[in-house]
Amino acid sequence: MLHQSYNVNHLSHLESEAIYVLRETAAQFERPVLLFSGGKDSIVVTRLAEKAFWPARIPFPLMHVDTGHNFDETIAFRDGLVGRLRARLVVASVQESIDRGRVREEEGANASRNALQTVTLLDAIEEHGFDAALGGARRDEEKARAKERFFSHRDDFGQWDPKNQRPELWNLFNGRKSSGEHFRIFPLSNWTEMDVWQYIKREGLEIPSIYFAHDRDVITRNGMLLAKTPYVTVADGERVQRMRVRFRTVGDATCTGAVESDATDLDSVIAEVAAARITERGGRADDKRSETAMEDRKRSGYF
């Protein structure tokens, strides 16, 4: 009983903090947008936004930066949720960025569009005049993300300087900016992966089916299980296998690895996360390109 009471109070504290951040965002900025990938973290941020502004609708649009190499289940879930919320959805397309010559498609067996999202994101922020972009990143995910503030300043090139961030003593947030600059806002900064799953269970939130164990054709590449999709080229020597897997994180299908699992419900997923010794982003090929891959991308304007 004591453990259950502590867990409820802990989640309620995190929820209250995140709602405060969301309301501060609405108060300090003129054109915020909520970055929505269809993943569990952005689903939780969306739920928190519902609570923060209830009974009114969420007062800002949702934006999905679409690589064109998504899991079908994620897109179907995105469209269903947006319809239920009666929210405005902005889709920023990486394919359109390629067609316009803004970015160049990678080549080779390990080609991915994940890094190309940065230009698409920054172009969309400029096109729509967004001055704050809410995201579901958490400090426990990766060492570069651990350096972020709740209100993370971006200069007029969309770049992030981790050594020049504003203090946030007593949760006082400074959203002042110059023309052309914007902020990234992270309401889930103090949450962990376990907190997210516990909150999903507490709130009874729907999530894409790929978070639960299912049978799927996969390829083993660089120690990762990549789903066999039209966007993943099977290299010489690789073999497609049918395995029971699930995904701990949702992203571009070309760089998001699955894990072997029999977890078919929330309780078994939570038990699996509690026993895991590798972070959820340990299965992301884009983070393995260099020791500072995430920080390098974030400095240039990545999520």
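A few points on the structure. Please read all numbers here as calculations on a predicted model, not as lab measurements.

The next subject is the packing of aromatic side chains. If you walk through the whole model with that rule in mind, you get ten aromatic pairs. When the centroid spacing of 5.3 Å and the interplanar angle of 80 degrees are considered together, the rings of Trp191 and Tyr199 count as edge-to-face. Taken as a pair, Trp191 and Tyr199 share a single burial class, namely buried. Among the aromatic residues, ring-to-ring pairing joins Tyr20, Phe29, Phe150, Phe151, Phe173 and Phe183 into one connected group. The residue whose ring lies beneath Arg139 is Phe150, and the NZ or CZ to ring-centre distance is 5.2 Å.

It is worth spelling out the pairing of strand S9 (residues 240-246) at this point. One ladder, built from six bridges, connects strand S7 (residues 214-221) with S9; its direction is antiparallel. Looking at S9, one finds that Asp217 is bridged to Arg242. Pairing analysis gives two bridges linking S9 to strand S10 (residues 257-260), with the strands arranged antiparallel. From the neighbouring strand, Val245 faces S10, where its bridge partner is Glu260.

Once that is clear, we can look at the pairing of strand S6 (residues 182-185). Judged by which residues are buried, S6 turns out to be covered on both faces: His182 and Arg184 on one side and Phe183 and Ile185 on the other are all buried. With three bridges connecting them, strand S4 (residues 132-134) and S6 associate as parallel partners. Bridge pairing links Ala132 to Phe183 in S6.

Next up on the list: the sheet that holds strand S2 (residues 62-66). Picture the strands of a sheet paired through backbone hydrogen bonds; they go either parallel or antiparallel. The strand order S3-S2-S1-S4-S6-S5 describes an open sheet built from six strands, whose pairing is mixed. Only two strands of the sheet have a single neighbouring strand rather than two, namely strand S3 (89-93) and strand S5 (151-154). Averaged over all neighbouring strand pairs, the angle between strand axes comes to 30 degrees, with direction disregarded. One ladder, built from four bridges, connects S5 with S6; its direction is antiparallel. Opposite Ser152, over in S6, you have Arg184 as the bridge partner. Each of strand S1 (32-35), S2, S3 and S6 touches helix H5 (residues 117-128); the most contacted strand, S2, lies at about 145 degrees to it.

What counts, and where the lines are drawn
Residues numbered from 1 in each chain as written. Predicted model: local features only at pLDDT ≥ 70, side-chain atom pairs only at ≥ 80, totals over all residues. Heavy atoms only, no water. Phe/Tyr/Trp six-rings, centres within 6.5 Å; stacked < 30°, edge-to-face > 60°. Buried < 20%, exposed > 50% of the residue type's maximum accessible area, 1.4 Å probe, protein only. Lys NZ or Arg CZ within 6 Å of the ring centre and 35° of its normal. Pairing = 2+ DSSP bridges. Helix = DSSP H or I, 4+ residues; strand = E, 2+ residues; numbered from the N terminus. Axes fitted to C-alpha atoms, helices over the stretch in contact; angles between N-to-C directions. Contact = heavy atoms within 4.5 Å.

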